[in-house]
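These are the residues of each chain, in order.
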Amino acid sequence: ARPVGSIRWLFDPALAAGAFVVEVSADRSSWTPVLTDGLLAPGEWQELAVGAEVRFVRFAFTNPAGTPVIGGLAEIEIWP
């Protein structure tokens, strides 16, 4: 695990759909949500302060509306 100050991400404007959460883990067996109600902003960089020792980051798409296409992450950056 390494210190993570923030996570930045960008959704592709042509593909983004659905609600999402961001979770982090040091061991990949226990996950801590750091964003539970992500809002889509396709084509705009978003940033989240984390301030924790992290080894794994995952984005989970909750898809409450049953959208046939979800996701669309174009880039993810992890900053110390």
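One structure accompanies this document, and this report is about it. (Residues numbered from 1 in each chain as written. Predicted model: local features only at pLDDT ≥ 70, side-chain atom pairs only at ≥ 80, totals over all residues. Heavy atoms only, no water.)

Examining the overall build of the protein
Counting its regular elements, the protein contains zero helices and six strands. Listing every helix and strand of the protein by position from the N terminus yields β-β-β-β-β-β. A compact globule built from 80 residues would reach a C-alpha radius of gyration of about 12 Å, and the protein, at 13 Å, matches this within 12%. For the protein, the C-alpha atoms occupy an extent of roughly 35 × 25 × 15 Å along the three principal directions. (Helix = DSSP H or I, 4+ residues; strand = E, 2+ residues; numbered from the N terminus. Rg over C-alpha atoms; globule rule 2.2 N^0.38 Å.)

Remarks on the packing of aromatic side chains
Across all of its chains, the model carries six aromatic pairs by this definition. The interplanar angle of 75° and the centroid separation of 5.4 Å between the aromatic rings of Trp-9 and Phe-59 together place this pair among those described as edge-to-face. Placement of the pair is Trp-9 in strand 1 (residues 2–11) and Phe-59 in strand 5 (residues 56–61), with a sequence separation of 50 residues. The buried category is assigned to Trp-9, whose relative accessible area is 2%. Ring plane angle 75° and centroid distance 6.1 Å describe the contact between Phe-11 and Phe-61, whose orientation is recorded as edge-to-face. In this pair, Phe-11 is assigned in strand 1 and Phe-61 in strand 5, connecting sequence segments 50 residues apart. For Phe-11, a relative accessible area of 0% puts it in the buried group. Note on Phe-61: relative accessible area 24%, which makes it partly exposed. Of the aromatic side chains, those joined through ring pairs into one cluster are Trp-9, Phe-11, Phe-20, Phe-59 and Phe-61. The ring of Trp-45 has Arg-8 sitting right over it, with the charged end atom 4.3 Å from the ring centre. (Phe/Tyr/Trp six-rings, centres within 6.5 Å; stacked < 30°, edge-to-face > 60°. Buried < 20%, exposed > 50% of the residue type's maximum accessible area, 1.4 Å probe, protein only. Lys NZ or Arg CZ within 6 Å of the ring centre and 35° of its normal.)

A closer look at a nonpolar patch on the surface
Side chains of Leu-73, Ile-76 and Ile-78 sit close together on the surface and give an oily, nonpolar patch of about 230 Å² of accessible area. Here Ile-78 is to be found in strand 6 (residues 73–79). (Patch = residues over 30% accessible without salt bridge, like charges linked within 9 Å, V, L, I, M, F, W, Y side chains within 5 Å. Areas by Shrake-Rupley, 256 points an atom, 1.4 Å probe, with all protein chains shown as cover. Salt bridge = Lys/Arg side-chain N within 4 Å of Asp/Glu carboxyl O.)

What about the nonpolar core?
Counting eleven residues, the largest nonpolar core is built from Val-4, Ile-7, Trp-9, Phe-11, Phe-20, Val-22, Val-24, Leu-48, Val-50, Val-54 and Phe-59. When residues of this core are traced back to their parent elements, those giving at least two are strand 1, strand 2 (20–25) and strand 4 (46–54). (Core = buried A, V, L, I, M, F, W, Y, C linked by side-chain atoms within 4.5 Å.)

Thoughts on the sheet that holds strand 4
In space, the three strands of this open sheet follow the order 4-1-6, with antiparallel pairing throughout. The open sheet has two edge strands with one neighbour each: strand 4 and strand 6. For this sheet the average axis-to-axis angle between neighbouring strands, irrespective of direction, equals 25°. When strand 1 meets strand 4, the two strands line up antiparallel, connected through seven bridges. Paired with Pro-3 across the two strands is Glu-53, which belongs to strand 4. (Pairing = 2+ DSSP bridges. Axes fitted to C-alpha atoms, helices over the stretch in contact; angles between N-to-C directions.)

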